[in-house]
Amino acid sequence: MGSVVAEMLTRCGIGHLILYDYDKVELANMNRMFYLPQHEGLAKVEAARKSLEDINPDTQIETYNHNICTIDNYNSFKNKITTGKQGLPVDLVLSCVDNYAARMSINKACNELN
């Protein structure tokens with residue numbers, strides 16, 4: 001779901017996207033995401049950046065190939081929420097994950113930061 005949301009936001013002209021994922025593109029992803037066969041083996045966030053920059057080169061895209069469920073990466077993720085937009089808090093956090101642990105990490109960070 002994250003690739004669809006990122007694509008639609010980019011097409012709508014959002015100015016800045018910050019993407020987190022730690023998985024790699026596999027051929028099995030081709031039927032439901034915007035990845036291309038030449039993206040196979042790349043980090044999903046890097047492949048997403050390539051596709052999104054082609055759609056709208058004016059959108060700033062930051063990518064983090066991190067598992068936000070680990071302590072260090074969680075703290076980095078939480079910090080990025082507070083300073084991600086030119087030192088200001090981000091406007092919106094969207095949870096487009098497919099696993100419970102990541103969903104809980106996102107929820108915990110947002111609750112801690114109000």
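These notes cover the structure that comes with them. In this text the structure is predicted, and so the values were computed from the model without any measurement.

Section: the pairing of strand S1 (residues 16–20)
Burial of the side chains of S1 is restricted to one face: Leu17 and Leu19 are buried, whereas none of His16, Ile18 and Tyr20 on the reverse face is. As paired strands, S1 and strand S2 (residues 60–64) are joined by five bridges and run parallel to one another. When the bridges of S2 are listed, Tyr20 appears paired with Tyr64. Each parallel crossover has a hand, and the one from S1 via helix H2 (residues 44–55) to S2 is right-handed.

Side note on the environment of Leu88
Along the polypeptide, Leu88 turns up in the loop between helix H3 (71–83) and helix H4 (100–112). In contact with Leu88, other than residues within four places in its own chain, are Thr82 and Thr83.

Quick notes on helix H1 (residues 2–11)
Buried within H1 are the following residues: Ser3, Ala6, Glu7 and Thr10. Along H1, the residues classed as buried sweep out an arc of 100 degrees about the axis, all on the same side. Where H1 is buried, its residues touch S1 and H2.

What to know about the packing of aromatic side chains
Evaluated as defined, the whole model comprises three aromatic pairs. Summarising the aromatic geometry, the rings of Tyr20 and Phe77 are spaced 5.0 Å apart at their centres and angled 85 degrees between planes, so their arrangement reads as edge-to-face. Placement of Tyr20 in strand S1 and of Phe77 in helix H3 is noted, with a sequence separation of 57 residues between them. Here the aromatic cluster, defined as three or more aromatic residues joined through ring pairs, consists of Tyr20, Tyr64 and Phe77. Over the aromatic face of Tyr74 sits the side chain of Lys108, whose NZ or CZ is 5.2 Å from the ring centroid.

Notes on the packing of H3 against H4
Their axes nearest at 10 Å, the elements H3 and H4 cross at an angle of 50 degrees. Classified by the interaxial angle, the pair formed by H3 and H4 is oblique. As H3 runs across H4, the sense of the crossing is right-handed. Residues Tyr74, Phe77, Lys78 and Ile81 of H3 form the contact with H4, whose participating residues are Ser105, Ile106, Lys108, Ala109 and Glu112.

Reading the values: rules and limits
Residues numbered from 1 in each chain as written. Predicted model: local features only at pLDDT ≥ 70, side-chain atom pairs only at ≥ 80, totals over all residues. Heavy atoms only, no water. Buried < 20%, exposed > 50% of the residue type's maximum accessible area, 1.4 Å probe, protein only. Helix = DSSP H or I, 4+ residues; strand = E, 2+ residues; numbered from the N terminus. Pairing = 2+ DSSP bridges. Right-handed = clockwise from strand over helix to strand, strands pointing away. Contact = heavy atoms within 4.5 Å. Arc of directions from axis to C-beta. Phe/Tyr/Trp six-rings, centres within 6.5 Å; stacked < 30°, edge-to-face > 60°. Lys NZ or Arg CZ within 6 Å of the ring centre and 35° of its normal. Axes fitted to C-alpha atoms, helices over the stretch in contact; angles between N-to-C directions. Parallel < 35°, antiparallel > 145°, perpendicular 65-115°, else oblique. Left-handed = near helix turned anticlockwise from the far one by under 90°.

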